[in-house]
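Chain by chain, the residues:
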Amino acid sequence: MTERIVNFANRENQLIDWKEGKHFFTVGFLKSPIGIKYDHATGIQHDLEKLLAQLNLLLEKYPDALKEETMLRKTKALVEYAKRNGFTLSNCYSYFHEETKDNALFRDVKKTTYGIRTLVDIEGNKSIVITGYASTASGVIYDKDQLSLKLENNTIGYSEMVQRDPSGIFYSEEEVLSYVKPNILTKHL
């Protein structure tokens, strides 16, 4: 994990083509909006564990990352960076990490790039967004996972998770994430 402002706009631009003709699923207690049972729990758990592992990595390397003064400083730096460069804040992150693994399925090296954004809004609400883009070595993105957390009274809680791939978009709310109970738990949740 590296403390560095990064912009993932180029990765987001690759996902634009995924929107046409794709399905959007709200995973509410593991049922699709049309009432068909949809067993997505394993995928939710796996992706949730990957993203929580990044939060653990952040807090091991930067134990003060979620302290109010650090979050305020990071928020100010991100807002200034986004304004100065004409980026949207939703594509900018304060922390960066990259992992590379051999992936026999794609006969290519799988690279996952993570960004973590900590923000304090004008009302004092604190949020943490962890995003991961899985791609081949040549840079073709085939998966995006994003976990949104809230920080209240020094306790981290789930907000939502969005999983995207070329087949669709899967949205899981707080209740579903709490139900899944990932094997990797941060000591802060």
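Residues numbered from 1 in each chain as written. Predicted model: local features only at pLDDT ≥ 70, side-chain atom pairs only at ≥ 80, totals over all residues. Heavy atoms only, no water.

**Q** Outline empty space enclosed by the protein, supporting the account with residue identities and numerical values.
**A** With the rule as written, the count across this model stands at one cavity of 30 Å³ or more. Taken as a whole, the largest cavity spans an internal volume of roughly 30 Å³. Lining of the largest cavity is provided by Lys50, Leu51, Thr112, Tyr114, Gly132, Tyr133, Ala134, Asp143 and Asp145. Elements that contribute at least two residues to the lining of the largest cavity include exactly α2 (41-61), β4 (108-120), β5 (126-136) and β6 (141-152). Broken down by class, the residue content of the lining of the largest cavity amounts to four nonpolar, two polar and three charged. (1 Å grid on protein atoms, 1.4 Å probe; cavity = no way out; pocket = protein on both sides within 12 Å on 5 of 7 lines; lining within 4 Å. Points joined across faces, edges and corners; volume = space filled by probe spheres on them. Helix = DSSP H or I, 4+ residues; strand = E, 2+ residues; numbered from the N terminus. Nonpolar A, V, L, I, M, F, W, Y, C, P; charged D, E, K, R; others polar.)

**Q** Got a sec to walk through the side chain of Lys74? Specific residues and values, please.
**A** Within the secondary structure layout, Lys74 lies in helix α3 (residues 68-85). For Lys74, a relative accessible area of 10% translates into the label buried. Side-chain polar atoms of Lys74 contact the side chain of Glu3, separated by 2.7 Å. Beyond its immediate sequence surroundings of up to four residues, Lys74 is in contact with Glu3, Ser94, Tyr95 and Thr118. (Buried < 20%, exposed > 50% of the residue type's maximum accessible area, 1.4 Å probe, protein only. Polar contact = N/O pair within 3.5 Å; in protein donor to acceptor, adjacent residues only side chain to side chain. Contact = heavy atoms within 4.5 Å.)

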